[in-house]
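In case you want the letters, here they are:
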Amino acid sequence: MTAPLFVTRDHSLLDQLLRLAAAAGITPDVAPDTGAALRLWPMAPLVLVGADAAAELAAISPARRPGVHVVAWGPVPDEMFRATVALGGESVAQLPSSEAWLVEALTDLGDPQRSAGTVIGVTGGSGGAGATTFACALGQLASRRGRAVVIDADPLGPGVDRVLGLEDRDGVRWDGLCHTTGRLSARSLREAMPRRDDLAALTWRAGATGTLQAFAVREVLSAAQRGHDFVVVDLPRSSDPLVDELAARCDRLLVVVVPTVAGVASAVRICARHPDPSRVRLVVRGGGVESPAIARATRVPVLATMSDQRGLAESIDLGLGPVRSRRGALGRAADDVLDQLALLHPAAA
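Structural notes, computed from the coordinates. Treat the numbers as computed from the prediction; the structure is a model and nothing was measured.

## Description of the overall build of the protein chain
Part 1 of the reasoning: Within the protein chain one finds 14 helices and 13 strands.
Part 2 of the reasoning: Structurally, the protein chain occupies a C-alpha span of about 75 × 40 × 35 Å along its principal axes.
Part 3 of the reasoning: Residue burial in the protein chain is summarised as follows: out of 349 residues, 52% are buried.
Part 4 of the reasoning: A fraction of 70% describes how many contacts in the protein chain between residues 6 or more apart in sequence connect residues 24 or more apart.
Part 5 of the reasoning: For the protein chain, the accessible area works out to roughly 15,600 Å², and carbon and sulfur atoms hold 52% of it.
Part 6 of the reasoning: If the 36 positive side-chain charges of the protein chain are averaged to one point and the 38 negative ones to another, these points end up 7 Å apart.

## Structural notes on the pattern of salt bridges
Part 1 of the reasoning: Here the structure, examined in full by the defined rule, presents 14 salt bridges.
Part 2 of the reasoning: Ionic pairing is found between D175 and R205, a salt bridge with its closest N-O pair at 3.4 Å. Note that D175 is positioned in the loop between α7 (160–164) and α8 (186–192) and R205 in the loop between β9 (199–202) and α9 (214–227), a separation of 30 residues in sequence.
Part 3 of the reasoning: Relative accessible area serves as the criterion here: at 46%, D175 is assigned to the partly exposed category.
Part 4 of the reasoning: Under the relative-accessibility criterion, R205 is labelled partly exposed at 44%.
Part 5 of the reasoning: Note that R218 is salt-bridged to E245, the shortest N-O span being 2.7 Å. Taken together, the positions of R218 in helix α9 and E245 in helix α10 (residues 241–248) put the pair 27 residues apart, joining distant regions of the chain.
Part 6 of the reasoning: Its relative accessible area of 21% is what places E245 among the partly exposed residues.
Part 7 of the reasoning: If you follow the salt bridges from partner to partner, you end up with R145, R326, D335 and D339 in one network.

## Observations regarding the sheet that holds strand β11 (residues 252–257)
Part 1 of the reasoning: Spatial strand order, β8-β9-β7-β10-β6-β11-β12-β13: 8 strands in an open sheet with mixed pairing. What marks the edges here is a single partner per strand, and that holds for β8 (195–196) and β13 (302–306).
Part 2 of the reasoning: As paired strands, strand β7 (residues 148–152) and β9 are joined by 4 bridges and run parallel to one another. Following the sheet pairing, V150 is matched in β9 by A201.

## What about the packing of aromatic side chains?
Part 1 of the reasoning: Tallied over the full model, the rule gives 1 aromatic pair.
Part 2 of the reasoning: Plain terms: the ring middles of W174 and W204 are 6.2 Å apart, the flat faces sit at 40 degrees to each other, and that makes the pair tilted. One end of the pair, W174, is in the loop between α7 and α8; the other, W204, is in the loop between β9 and α9, with 30 residues separating them in the sequence.
Part 3 of the reasoning: Overall, W174 belongs to the buried group, its relative accessible area being 2%.

## Remarks on the pairing of strand β3 (residues 47–50)
Part 1 of the reasoning: Because side chains alternate across β3, one face comprises the buried residues V47 and V49, and the other comprises L48 and G50, equally buried.
Part 2 of the reasoning: In the sheet, β3 pairs with strand β4 (residues 68–73) via 4 bridges, with the strands oriented parallel. Among the inter-strand pairings, V47 is bridged to a residue of β4, identified as V68.

## Some remarks on the pairing of β7
Part 1 of the reasoning: Within β7, 5 of the 5 residues are buried, leaving the element largely enclosed by the surrounding structure.
Part 2 of the reasoning: Taken together, the 5 bridges between β7 and strand β10 (residues 230–234) define a ladder with parallel strand orientation. When the sheet's bridge partners are listed, V150 is paired in β10 with V232.

## Regarding the nonpolar core
Part 1 of the reasoning: In this structure, I151, W174, L189, V220, V231 and L235 are the most contacted members of the largest nonpolar core, which totals 40 residues.
Part 2 of the reasoning: Only β7, β9, α9, β10, α10, β11, α11 (261–272) and β12 (280–285) provide two or more residues apiece to this core.
Part 3 of the reasoning: Setting aside its immediate chain neighbours within four residues, V231 contacts T118, V119, I120, V149, I151, L221, A224 and Q225.
Part 4 of the reasoning: Membership of the second largest hydrophobic core comes to 36 residues, among which are L199, F230, V258 and A334.

## Details of the side chain of T123
Part 1 of the reasoning: Inspection of the secondary structure assignment puts T123 in strand β6 (residues 118–124).
Part 2 of the reasoning: Polar contacts involving the side chain of T123 include one to the main-chain carbonyl oxygen of L235, which spans 3.3 Å.
Part 3 of the reasoning: From its side chain, T123 meets the backbone oxygen of P236 in a polar contact 3.5 Å long.
Part 4 of the reasoning: The contacts of T123, once residues within four sequence positions are left out, are A131, L235, P236, R237, L253, L254, V255, V256 and I270.

## Examining helix α1 (residues 11–24)
Part 1 of the reasoning: Between its first and last C-alpha, α1 extends 20 Å over 14 residues, near the 20 Å set by a 1.5 Å rise per residue.
Part 2 of the reasoning: Taken together, the buried positions of α1 are L13, L14, L17, L20, A21 and A24. Looking straight down α1, one finds that the buried residues subtend no more than 125 degrees of arc, so they occupy a single side. Seen from the buried face of α1, the exposed residues on the opposite side, beyond 90 degrees, are H11, S12, D15, A22 and A23.
Part 3 of the reasoning: Downstream of α1 by one or two residues, G25 has phi in the positive range, about 75 degrees.

Thresholds, definitions, all that
Residues numbered from 1 in each chain as written. Predicted model: local features only at pLDDT ≥ 70, side-chain atom pairs only at ≥ 80, totals over all residues. Heavy atoms only, no water. Helix = DSSP H or I, 4+ residues; strand = E, 2+ residues; numbered from the N terminus. Buried < 20%, exposed > 50% of the residue type's maximum accessible area, 1.4 Å probe, protein only. Contact = heavy atoms within 4.5 Å. Areas by Shrake-Rupley, 256 points an atom, 1.4 Å probe, with all protein chains shown as cover. Lys, Arg positive; Asp, Glu negative; His and termini not counted. Charge placed at Lys NZ, Arg CZ, Asp CG, Glu CD. Salt bridge = Lys/Arg side-chain N within 4 Å of Asp/Glu carboxyl O. Pairing = 2+ DSSP bridges. Phe/Tyr/Trp six-rings, centres within 6.5 Å; stacked < 30°, edge-to-face > 60°. Core = buried A, V, L, I, M, F, W, Y, C linked by side-chain atoms within 4.5 Å. Polar contact = N/O pair within 3.5 Å; in protein donor to acceptor, adjacent residues only side chain to side chain. Expected span 1.5 Å × (residues − 1). Arc of directions from axis to C-beta.

This is the structure we're talking about:
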């Protein structure tokens, strides 16, 4: 990783910036003058320019580039905003109020550059279809291929941490994130969630009923994509603008269908709610109505089929998660889906 660049002669400001860098686990390059700044300017992934150096640096017009921010202590005069625009800066960060944002931005630099993870939405075609179970199975199998997280967007579900056997693990839940107001660091989120090896979960605390806040959900999904190879979102069946937005952000939306007449009729309604059917696929669980007939009724292709998994409840009760063996019906279906996603999204390979 190329180090971030701090440009300032203000020793007090530099001390504050070095303290924030230490908190993020980052060692920056420091340029006390414009000559040193210009040498490092093109390579640094992030440039923080002290208020004392902004006007001088803007006067020599360094090459325009993203990731430049001016940092000031306390109130900022109008001329500082003009200097920032002339410099091509994206913002003026005021200390101490912007400390958390700066630490998050610096922390993200500690992660190797990676493409955004694949986002897989899972919802039930009808009540009792087993969408949460299948979402957790996908998370378990995906974590054997890379970093994976299962995000619970259904406040009335059983809780994905309980299904995955992570309910006793310490970590942040939705109640700790729903008041997020700034940029969320990918590494901070990844390290804060309950996890086992490369599998993490984000849900509500046991017994609590919560609601999702739009800004927090967007930040969490963005940070989860930046910090994981696979993001599985367990979506409720309810119609809600935020739920519809989450579904639209998924690379693939899976509808888990019970192949009964009632189950298929319900799945037809669920599939019709999504305006882009090209991203929707069916996962059929159990026996009954044949898959081609289900595909015709819903006008959505069947991606995977599976029989009912024996010993499923016991496996979850033991804290082992829904997949005890990749050779079981649930494991084979989840692996088939992930193989298909690898063709859709190179990051899933």
